[in-house]
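If you want the building blocks of each chain, they are given just below.
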Amino acid sequence: MIDTRDAVVAHALVVRRGRTEILHSVDLRVAGGQVVGLLGPSGAGKTTLMRAIIGAQHIGSGTVEVFGRPAGHRVLRRQLGYMAQSAAIYDDLTVEQNLDYFRRVLGAPASDVDRVVAEVGLDPVRRNLASRLSGGQRSRVSLGVALLGAPRLLVLDEPTVGLDPVLREELWGLFARLAASGTTLLVSSHVMDEARRCDRLLLVREGRIIADDTPAGLLASTGASDHDEAFLRLVRRDAASGTGGEAA
Amino acid sequence: MSPRLTFATAGRVLTQIRHDPRTIGLLLVVPALLIGLIAWIFDDTPVFDQVGPAMLGMFPFIVMFLVTSITTLRERRSGTLERLLVLPLGKGDFIGGYALAFGLLATAQAVVAVGWAVWGCGLEIDGELWMLVLVAVVNGLLGTMLGLLASAFASTEFQVVQFMPVIVAPQILLGGIFLPRDQMPDALQAISDWLPLSYSIDALNLVQDGSDGGQVIADVLVVAAFAVGALVLAALTLRRRTR
């Protein structure tokens with residue numbers, strides 16, 4: 001059954017780190033069963049927003065709810081899959097051993113290890129130590145950990161970084177299949193051609209969401225021919241309107 | 001906290017170490033080698049019998065402190081700790097898993113060191129040998145808990161290694177190895193009353209003299225209380241949410 005209710009709802013979310021405000025009153029709605037792209041320049045606040053959603057980030061004010069519960073609620077810990085930007089895996093364990101440990105923590109069945117190894121295409125290196133893998137392979141182990149169990153929401157921070165086009169294509173195919181089976185995906189990227197693979201796009205700039213639209217809608221509203229161009233136009237428009245850029 | 005998750009974590013830590021046979025070798029052999037060296041230096045003097053028991057308590061403490069502080073610092077820096085804390089893993093499972101895994105290592109290390117000191121180097125022990133192992137293991141656990149705690153206050157491996165002399169050296173100097181504690185200046189003696197290693201060294205000396213086991217257990221309980229205190233503080237440093 002596809003869950004079309006909102007997976008994530010943020011209201012007036014403010015995050016401060018030290019004296020700097022990273023997120024300025026962000027309002028956000030992620031519908032269930034969609035692949036939502038979180039795009040924006042590095043340092044825009046994408047990772048902070050994602051960490052607030054998984055409940056790892058201290059929130060200054062405002063609210064974030066995931067499946068109707070405050071972010072970080074203990075019930076959500078079994079329903080979320082999170083992949084950080086750096087591969088958060090154990091270098092001195094093999095691919096299998098990494099997956100098996102996190103599977104046990106989740107209480108997922110042992111068969112999950114085989115399923116995930118196949119999904120992220122690591123079968124040939126499954127018995128290799130993570131420290132011996134290439135950067136792209138390591139990030140796929142990290143993605144594999146996020147896919148363990150049956151998460152209702154996947155929060156993936158730059159999952160395709162450092163991957164060749166064939167692997168990127170395969171992973172986006174996997175994301176689409178997961179969404180079709182009812183999983184919600186929030187995927188950050190700074191590769192704009194990945195934008196067209198999303199159901200919806202959120203553009204983040206300087207701690208604000210400056211656009212929230214479908215890929216086609218974004219092209220139409222900016223009159224751009226591709227998403228790179230659309231993004232540049234939106235950023236320029238936002239910069240020109242000063243710091244008080246209103247969410248589109 | 002659940003036994004299933006604690007055992008899973010302990011198993012994972014031990015698997016990591018298993019992939020590093022050199023570390024296992026160093027862990028088991030180095031204390032024995034150093035004890036052998038001390039025995040050799042002080043050959044034909046009564047010194048080895050005086051300091052030998054204290055050595056058996058000191059090594060597991062230092063080694064486990066170093067091993068744990070560096071491994072947990074790596075967990076904090078690589079993002080695996082953050083990942084675990086957003087998963088259904090209790091802080092108790094994390095700490096318990098480390099305590100269990102390193103407790104086992106400390107036991108293996110203590111058995112080798114005690115066996116070598118007594119049968120290889122002729123250390124004279126009137127009491128029960130298993131009590132020496134017990135004190136050594138509790139010291140190892142204390143080192144593990146302090147290592148977990150120290151890793152929260154270091155942002156690099158360089159810093160965390162510097163914590164070792166800060167935490168260990170005063171305890172060794174004041175613990176009664178160089179001079180019995182009751183012969184030290186009053187102020188230093190008062191300070192040493194608040195250092196866990198003082199109680200370990202006392203317990204080890206009591207075992208050597210073949211004293212009443214109850215007194216040894218009382219000392220061990222004091223060391224264990226320090227370990228629990230460090231555990232509680234270490235748990236406070238494991239934050240699910242960061243700023």
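Computed from a predicted model, the values in this text were never measured in an experiment. (Residues numbered from 1 in each chain as written. Chains lettered and ligands numbered in written order. Predicted model: local features only at pLDDT ≥ 70, side-chain atom pairs only at ≥ 80, totals over all residues. Heavy atoms only, no water.)

### Quick notes on the overall build of chain B
To keep it simple, the criterion reads: In DSSP terms, a helix is any run of H or I states spanning at least four residues, a strand is any run of E spanning at least two, and both are numbered starting from the N terminus. Just to be clear, the radius of gyration here is over C-alpha atoms, and the globule rule we use is 2.2 Å times residues to the power 0.38. When a residue's accessible area, from a 1.4 Å probe over protein chains only, is under 20% of the maximum for its type it is buried; when over 50% it is exposed; and in between it is partly exposed. Methods summary: accessible areas were calculated by the Shrake-Rupley approach with a probe of 1.4 Å, and residue burial reflects only the protein chains presented.
Assigned secondary structure in chain B consists of 10 helices and zero strands. Against the globule reference of 18 Å for 243 residues, chain B gives a C-alpha radius of gyration of 18 Å, in line with a compact fold. Counting only C-alpha atoms, chain B reaches 55 × 40 × 35 Å along its principal axes. The proportion of buried residues among the 243 residues of chain B is 51%. Accessible area for chain B stands at about 11000 Å²; split by element, carbon and sulfur atoms hold 68% of it.

### Quick word on the sheet that holds strand β7 (residues 153-157) of chain A
All names here are of chain A. Rules: Strand pairing follows a simple DSSP-based rule, namely that at least 2 bridges must link the two strands. The axes are straight lines fitted to the C-alpha atoms, using for helices just the contacting stretch, and the angles between their N-to-C directions are given from 0 to 180°.
Taken together, the six strands give an open sheet; going across it, the order is β6-β7-β8-β3-β9-β10, and neighbouring strands pair in mixed fashion. Only two strands of the sheet have a single neighbouring strand rather than two, namely β6 (80-83) and β10 (208-213). Going across the sheet, the axis of each strand differs from the next one's by a mean of 15°, ignoring polarity. As defined by bridge partners, strand β9 (residues 200-205) adjoins β10 across five bridges and the pair is classed as antiparallel.

### Quick word on the interface of chain B and chain A
Keep this limit in mind: Only heavy atoms enter the contact rule, under which two residues are in contact if any of them lie within 4.5 Å. Buried area: the accessible surface (1.4 Å probe) lost by two parts on joining, summed over both. Any Lys or Arg side-chain nitrogen found within 4 Å of a carboxyl oxygen on Asp or Glu counts as a salt bridge. Whenever two N or O atoms come within 3.5 Å, that pair is a polar contact, provided that in protein one can donate a hydrogen and the other can accept it, and provided that, for residues adjacent in sequence, both atoms are side-chain atoms. Note on residue classes: Ala, Val, Leu, Ile, Met, Phe, Trp, Tyr, Cys and Pro are nonpolar, Asp, Glu, Lys and Arg are charged, and everything else, Gly too, is polar.
Listed by partner, the interface residues are 26 residues for chain B and 34 residues for chain A. Summing both sides of the interface, chain B and chain A together bury roughly 2700 Å²; the carbon and sulfur share of this comes to 54%. Along the contact surface separating chain B from chain A lie two salt bridges. Note that Arg-74 of chain B is salt-bridged to Asp-92 of chain A, the shortest N-O span being 3.0 Å. There are 17 residue pairs in polar contact (both at pLDDT 80 or more) connecting chain B and chain A. Within the residue set of the side of chain B that touches chain A, elements represented by two or more residues are α1 (3-18), α3 (47-78) and α4 (80-86) of chain B. Residue contributions to the side of chain B that touches chain A peak at eight residues, all from α1 of chain B. Partitioning the side of chain B that touches chain A into residue classes produces eight nonpolar, eight polar and 10 charged.

### Focus on the nonpolar core
Generally speaking, nonpolar side chains in soluble globular proteins are found buried as a group. Under the convention used in this document: Among buried residues, those of type Ala, Val, Leu, Ile, Met, Phe, Trp, Tyr and Cys that are joined through side-chain atoms within 4.5 Å constitute a nonpolar core. Each domain span listed reflects an automatic or database assignment of domains.
Ranked by size, the top nonpolar core spans 124 residues in total, and within it Leu-156, Leu-185 and Leu-203 of chain A together with Ile-35 and Phe-94 of chain B carry the most contacts. Summarising the domain contributions, this core has at least three residues from each of domain 1 (1-79 + 151-248) and domain 2 (86-150) of chain A. Discounting chain neighbours no more than four positions away, the residues touching Leu-185 of chain A are Gln-34, Val-35, Val-36, Leu-154, Leu-156, Phe-175, Leu-178 and Ala-179 of chain A. With 33 residues, the next largest nonpolar core counts Ala-56, Ala-84, Val-155 and Ile-209 of chain A among its residues.

### Side note on the domain arrangement of chain A
All names here are of chain A. As assigned here, chain A comprises domain 1 (1-79 + 151-248) and domain 2 (86-150). Taken together, the contact between domain 1 and domain 2 spans 15 residues of the former and 11 residues of the latter. In total, about 1000 Å² of surface goes out of reach between domain 1 and domain 2, with carbon and sulfur atoms giving 68% of it. Contact with domain 2 buries surface across domain 1, with Arg-78, Pro-151 and Leu-174 losing the most and accounting together for 40% of the total. On inspection of domain 1 and its partner domain 2, the count reaches zero salt bridges. Viewed at the interface, domain 2 and domain 1 are joined by two residue pairs in polar contact (both at pLDDT 80 or more).

### A word on the UniProt feature "transmembrane region" (unreviewed entry) in chain B
All names here are of chain B. The line we're drawing: UniProt positions are given in the numbering used here, feature names are shortened, and annotations may be inferred rather than shown by experiment.
Within this numbering scheme, the UniProt entry marks residues 24-42, 54-73, 94-117, 129-153, 160-179 and 216-238 as carrying the feature "transmembrane region" (unreviewed entry). Secondary structure content for residues 160-179 is 75% helix and 0% strand, while the C-alpha to C-alpha distance between its ends is 29 Å. Taken as a whole, residues 216-238 contains 96% helix and 0% strand, while its terminal C-alpha atoms sit 33 Å from one another.

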